[in-house]
Amino acid sequence: MSKELLASKEMKAKRELTIKFITYAFLVAFGVTMMLPFFWMLSTSLKETQAVYVFPPKWIPDPVVWASYLKVWSVVPFARFYLNSMLVALAVTLGQVFTSAFAAYAFSRLTFPGRDKLFFSYLATMMIPGSVTLVPVYILMVHFRWIDSYKALIIPAMFSAYGTFMLRQFFMGIPRDLEDAARIDGCSLFGIFWKIILPLSKPILATLTTFTFMASWNNFMWPLLVTESVEKKTLPIGLAYFQEVYQYTQPDWALLMAGSLLVTIPVIIVFVFNQRFFVEGIKMSGIKG
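Scoring rules and cut-offs
Residues numbered from 1 in each chain as written. Predicted model: local features only at pLDDT ≥ 70, side-chain atom pairs only at ≥ 80, totals over all residues. Heavy atoms only, no water. Helix = DSSP H or I, 4+ residues; strand = E, 2+ residues; numbered from the N terminus. Rg over C-alpha atoms; globule rule 2.2 N^0.38 Å. Core = buried A, V, L, I, M, F, W, Y, C linked by side-chain atoms within 4.5 Å. Buried < 20%, exposed > 50% of the residue type's maximum accessible area, 1.4 Å probe, protein only. Axes fitted to C-alpha atoms, helices over the stretch in contact; angles between N-to-C directions. Left-handed = near helix turned anticlockwise from the far one by under 90°. Contact = heavy atoms within 4.5 Å. Nonpolar A, V, L, I, M, F, W, Y, C, P; charged D, E, K, R; others polar. Domains from an automatic or database assignment. Buried area = accessible area lost by both parts, 1.4 Å probe. Salt bridge = Lys/Arg side-chain N within 4 Å of Asp/Glu carboxyl O. Expected span 1.5 Å × (residues − 1). Phe/Tyr/Trp six-rings, centres within 6.5 Å; stacked < 30°, edge-to-face > 60°. Parallel < 35°, antiparallel > 145°, perpendicular 65-115°, else oblique.

1. Examining the overall build of the chain
Of the regular secondary structure elements, the chain holds 13 helices and 0 strands. Helices and strands in the chain line up, N terminus first, as α-α-α-α-α-α-α-α-α-α-α-α-α. A compact globule built from 289 residues should have a C-alpha radius of gyration of about 19 Å, whereas the chain, at 26 Å, is more than 25% larger. Each principal axis of the C-alpha atoms in the chain carries an extent, and together these give about 80 × 70 × 35 Å.

2. Description of the nonpolar core
In globular proteins that are soluble, nonpolar side chains generally tend to be buried together. Phe78, Trp217, Leu235 and Phe242 are the most contacted members of the largest nonpolar core, which has 25 residues in total. Elements represented by at least two residues in this core include exactly helix H2 (67-75), helix H3 (78-109), helix H10 (202-218), helix H12 (235-245) and helix H13 (253-278). The biggest single contributor to this core is H13, with 9 residues.

3. Focus on the packing of H3 against H10
If you want to describe how two helices pack, look at the angle between their axes and the distance between the axes. Remark: H3 packs on H10, axes separated minimally by 9 Å, with the N-to-C direction vectors making an angle of 145°. Note on packing geometry: the crossing formed by H3 with H10 is right-handed. Only Leu205, Leu208, Thr209, Thr212, Phe213, Ser216 and Trp217 of H10 make contact with H3, whose side of the interface consists of Tyr82, Ser85, Met86, Val88, Ala89, Leu90, Val92, Thr93, Gln96, Val97 and Ser100. The class makeup of the residues in the contact of H3 with H10 is 11 nonpolar, 7 polar and no charged.

4. Concerning the domain arrangement of the chain
When cut into domains, the chain gives domain 1 (3-45) and domain 2 (73-288). Domain 1 and domain 2 are separated by 36 Å when their C-alpha centres are compared. Taking both partners together, domain 1 and domain 2 bury about 530 Å²; carbon and sulfur atoms supply 88% of that area. Looking at the side of domain 1 facing domain 2, the largest losses of area belong to Met41, Thr44 and Ser45, adding up to 74% of the total buried there. Connecting domain 1 to domain 2 are 0 salt bridges.

5. With respect to the environment of Thr93
On the secondary structure map, Thr93 appears in helix H3. Thr93 gets classed as buried once you look at its relative accessible area, which sits at 7%. Between the C-alpha atom of Thr93 and that of Ile60, which follows or precedes it by 33 residues, the distance is 37 Å. Beyond its immediate sequence surroundings of up to four residues, Thr93 is in contact with Thr209, Thr212 and Phe213.

6. Observations regarding unusual backbone geometry
Its identity as a non-glycine residue notwithstanding, Arg145 has a phi of 60°, on the positive side. One can find Arg145 in the loop between helix H5 (130-144) and helix H6 (150-154). Assessed through its relative accessible area of 75%, Arg145 is described here as exposed. The phi torsion at Asp148 lies on the positive side, around 65°, for a residue other than glycine.

7. A look at H10
Side chains that are three or four residues apart share a direction in an α-helix, a result of its 3.6 residues per turn. For H10, with 17 residues, the first-to-last C-alpha span of 24 Å sits near the 24 Å given by 1.5 Å per residue. By the burial criterion, the buried members of H10 are Pro203, Ile204, Leu205, Ala206, Thr207, Leu208, Thr210, Thr212, Phe213, Ser216 and Trp217.

8. What to know about the packing of aromatic side chains
One pass over the full model with this rule turns up 20 aromatic pairs. Between Trp66 and Tyr69 the ring centres are 5.9 Å apart and the planes differ by 45°, which places this aromatic pair in the tilted class. Its relative accessible area of 14% is what places Tyr69 among the buried residues. Between Phe119 and Phe165, the aromatic rings sit 6.5 Å apart at their centres with planes inclined by 20°, giving stacked as the arrangement. With Phe119 in helix H4 (residues 115-124) and Phe165 in helix H7 (residues 161-171), this residue pair connects regions lying 46 residues apart in the sequence. The class of Phe165 is partly exposed, set by a relative accessible area of 31%.

9. Let's talk about the packing of H3 against H4
In the contact formed by H3 and H4, the axes pass within 9 Å of each other and the chain directions differ by 140°. With respect to H4, the element H3 is oriented oblique. In this structure, H3 meets H4 at a crossing whose hand is left-handed. In contact with Ala106, Phe107 and Ser108 of H3, H4 contributes Arg115, Leu118, Phe119 and Tyr122. Residue classes in the contact of H3 with H4 are distributed as 5 nonpolar, 1 polar and 1 charged.

Here it is, written out as structure tokens:
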């Protein structure tokens, strides 16, 4: 009987090991598949123009050419586009996290007449597609005389019902015992928000920061509508400028891939920096029972 039991445990262990191997193999294959476009972009950016059209394609460029990374800054005002995108993305991200955190704190921890009705009314705006509000917001920008300005690029995007909802749901999960203890010690409402709520909310704040930065950095339609001068254009529009430069000639794919790779670098940095917060839970100290 013991031998049968031992054999059964060995078979079960082998089965679990096989399942784990298949799962890991699938995840690795899936990850490599997702990385292939990035590797191809990097490889193309380091090739000579003629080598891009070689068939069968070569993943490792020979020779390695770095000229595209220097040329991309002179063909179009790429540095200006980069500065504009960085300014707009950082301002929108800081503003949206700031306004969403304050609104979420009010909707989750404070009590005032009509709080829930106001929140659900605010939440209902998420059901309206962005394409529906695009024209009304543009008309407002025209009346405010903000067209072709940083204000039109930044201020309308600083408020988010989605960010408020996400932070509110997280704030509601924080035990009120910490808040009550801080209030007994004489802490103000802002002190509770700044010293207790925000430090315990690093994972969700990092998530909202990453999502907001990526959305603002990759936004194409709104900057295209509200900017007129080249000095106010952002990077997604700047990449489209390469098509105008080579409108009547064959596109320089090595140059375009070099520009695209430079555009993705800030997004990768933000994701890598915030990734460690994604797996963190809330560390509730001092709560017993």
